[in-house]
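Residue-level structure breakdown
If you want the building blocks of each chain, they are given just below.
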Amino acid sequence: MPYPTDRESDRPWVMRTYAGHSSAAASNALYRRNLAKGQTGLSVAFDLPTQTGYDPDDELAKGEVGKVGVPVSHIGDMRALFDGIPLADANTSMTINAPAMWLLALYVAVAEEQAEEAGLDPTQVRAKLAGTTQNDIVKEYLSRGTYAFPPDPSLRLATDLVTWTVTHVPRWNPINICPYHLQEAGATPVQEIAYSLATAIAVLDAVRDSGQVPPDEFGKVVARISFFVNAGLRFVEEMCKLRAFVALWDEITRDRYGVTDAKARRFRYGVQVNSLGLTEAQPENNVQRIVLEMLAVTLSRDARARSVQLPAWNEALGLPRPWDQQWALRMQQVLAFETDLLEYEDIFDGSRVIEAKVDELVTGSRAEIQKVLDMGGSVAAVESGYMKGQLVSSLADRRRQIESGEFIVVGVNKFDTTEPSPLQAEGAKSIETVDPAVEQAAIDAIRRWREGRDQAAVEQALVELTNAAKTDANLMEVTVACARVGVTTGEWAAALRGVFGEYRAPTGVGMASAGGEAASELKDVRERVRATGEELGTRLRMLVGKPGLDGHSNGAEQVAVRARDAGFEVIYQGIRLTPSQIVAAAVQEGVHVVGLSVLSGSHLEVVPAVVDGLRAAGAEDIPVIVGGIIPKEDEPALYDRGVAAVFTPKDYALTEIMDKIVTVIRKRHGLDQ
């Protein structure tokens, strides 16, 4: 968003840290501390049950409550989350997608309560609310996996939220299109640009075709669309990517939608720099990675981010502590206030190198956008599996480059000798941990909440929500009504699931092209897989499982692709499975090994549940292995519970992992190693 356009200094971007854990009260204390340190905006991380529309006492929520964010189950939680923080004066970003309408309804209801308590006009306070709901549901089917409903009704919810906010909360950004997560799922810069802009086109077309916004006010809708972008370490290319975004967004909004106001056509984006590139090995290197990635979105004034949030150096290890988040905030403040970055016009204007790279990205992205539109748009490209397959293939190619050494990751596949790190001298205390008692406290609290509310009013509100969902009415007002009477997150989502149904997105594994280490290494493992299968009298079968609500499936998909290429028969049913469902599939399919992927911190709860389930089913001969973000201190507990092997991000060589899995199978069956 290029302003001002004269020689005056540019204003600093909104500075955020992505935060929230344990409980609303604990997160509120964290937000107050961060604001006191100079943070200028809030960025709320919700836990996985909240993100996917479940209450803390749901079976799927086991082990996930408060782990990767704050649980918000009803208006009481939202009150506690923002206690003492006047929402009329705040700028709040909420990373929420499938239930974005619900969380904004809770936020609006609390803001109106604050207004009434202060003797202010609630309507005027509502009009002052500033912030963002992420609300990009399409990328959830491609990367993060926190969808709750099928694509078409999900797009309807996004459309209703956009049209309602334009009238009732005009300063709010009702949708934050997310190329960030596409890059995490493997997208090239061209794919990142093309698929996110195709999603924006799908949303804008749906809003236009809904008839809820008069044609002469459509520019207001375009002006409130924002983006949430990823910035990787190739910071020259990343900076050019943002300039390409600016050019294409201006072109699309002008030519496709007829928006004549140049200000409304600005490409407005916030950023969190690339967490995918953070390493568990030598994590101190993550500090310079984060700074370099921040430069990509701040150096170019004509394509500068208007809000920035940085991960902490230790996020590849687990949750960052308040001190780690403070360090990330200070990085922004040093750049904004100690350097002269904001004093100049765009320093890349006229650079033939930059212009050539931008033109290359624009041309490639324009062609890929057209390919998606020719398929029927981004929703059709999700349902067909096209976009997911492209991303899985791109990530497989990236892994091949890392494993072959073609792409160097310092401290991982090169320069891996190291001294002991004083930053990790505290061991498990180097990261934030969530007390297991948090989950039970949340379960007890929501049961008390249900007992203390007006149940008749709740039931009536849910009936009205269900009835409205069966029509083409805008669902925002009935959702706000649900929030006010004490409906819970799980109840709101369950009512809509009853109308819209549920959905399991394509995994992309079947469409992905192979990519791995040198052919000779894979050939050797493939021979071991074949020979072991012959000794056992059947082809080796592996079940790859994603237990719980953790939707980050990139690692699981890459394991599934490599196992397939190594000769395994692979059973992979996608995300969001209960331990009992995984056990049932393993027994039914007669697999030789179960591989679980867990990145949400729930490994100590969901992994033992699978091991115990296999024993109860008489299938204790099936070994269980686990991979994900697992602190070293937790590994002994997993082994004690019967896990056969643990792999973490430092174990980047997938073909080598396949070889170790074959050894696990042979050992379990008493074969020569």
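Below is a short write-up of the structure.

A few words now on the overall build of the chain. When helices and strands are tallied, the chain shows 26 helices and 15 strands. Relative to the globule expectation of 26 Å for 673 residues, the C-alpha radius of gyration of the chain, 25 Å, shows essentially globular dimensions. For the chain, the C-alpha atoms occupy an extent of roughly 75 × 70 × 55 Å along the three principal directions. Counting only residues that meet the buried cut, the chain has 60% of its 673 residues in that class. Considering only contacts in the chain between residues 6 or more positions apart, those separated by 24 or more positions represent 80%. As presented, the chain carries roughly 25,400 Å² of accessible surface, and 52% of it is formed by carbon and sulfur atoms. Charge centroids of the chain, computed over 69 positive and 92 negative side chains, lie 1 Å from each other.

Another point: the pairing of strand β5 (residues 130–133). Side chains A130 and T132 of β5 all project onto a buried face; the interleaved residues G131 and T133 project onto the opposite face, where all are buried too. Where strand β4 (residues 91–95) lies against β5, four bridges are found, and the strand directions are parallel. Its bridge partner lying in β5, M94 is registered against T133. Two strands pair when backbone bridges link them, and β5 and strand β6 (residues 172–173) are joined in this way by two bridges, in the parallel orientation. When the bridges of β6 are listed, T132 appears paired with N173.

Running from N to C, helix α7 (residues 151–168) and helix α9 (residues 189–210) cross one another at 70°; their axes reach a closest spacing of 9 Å. Taken together, the axes of α7 and α9 are roughly perpendicular relative to one another. Of the two possible hands of crossing, α7 and α9 adopt the one that is right-handed. Taken together, the residues of α9 that come into contact with α7 (itself represented by L155, T159, V162 and T163) are A202, V203, A206, V207 and S210. Looking at the contact of α7 with α9 residue by residue, the classes come out as six nonpolar, three polar and no charged.

Right, let's get into the packing of aromatic side chains. In total, this model carries 16 aromatic pairs according to the counting rule given. Summarising the aromatic geometry, the rings of F227 and F267 are spaced 4.6 Å apart at their centres and angled 35° between planes, so their arrangement reads as tilted. Placement of the pair is F227 in strand β8 (residues 225–231) and F267 in the loop between α11 (235–255) and β9 (269–273), with a sequence separation of 40 residues. Among the aromatic residues, those joined into a ring-pair cluster are F227, F245, W249, F267 and Y269. Across the ring face of Y54, the terminal group of R497 is positioned such that the distance to the ring centre comes to 4.3 Å.

Thresholds, definitions, all that
- Residues numbered from 1 in each chain as written.
- Predicted model: local features only at pLDDT ≥ 70, side-chain atom pairs only at ≥ 80, totals over all residues.
- Heavy atoms only, no water.
- Helix = DSSP H or I, 4+ residues; strand = E, 2+ residues; numbered from the N terminus.
- Rg over C-alpha atoms; globule rule 2.2 N^0.38 Å.
- Buried < 20%, exposed > 50% of the residue type's maximum accessible area, 1.4 Å probe, protein only.
- Contact = heavy atoms within 4.5 Å.
- Areas by Shrake-Rupley, 256 points an atom, 1.4 Å probe, with all protein chains shown as cover.
- Lys, Arg positive; Asp, Glu negative; His and termini not counted.
- Charge placed at Lys NZ, Arg CZ, Asp CG, Glu CD.
- Pairing = 2+ DSSP bridges.
- Axes fitted to C-alpha atoms, helices over the stretch in contact; angles between N-to-C directions.
- Parallel < 35°, antiparallel > 145°, perpendicular 65-115°, else oblique.
- Left-handed = near helix turned anticlockwise from the far one by under 90°.
- Nonpolar A, V, L, I, M, F, W, Y, C, P; charged D, E, K, R; others polar.
- Phe/Tyr/Trp six-rings, centres within 6.5 Å; stacked < 30°, edge-to-face > 60°.
- Lys NZ or Arg CZ within 6 Å of the ring centre and 35° of its normal.

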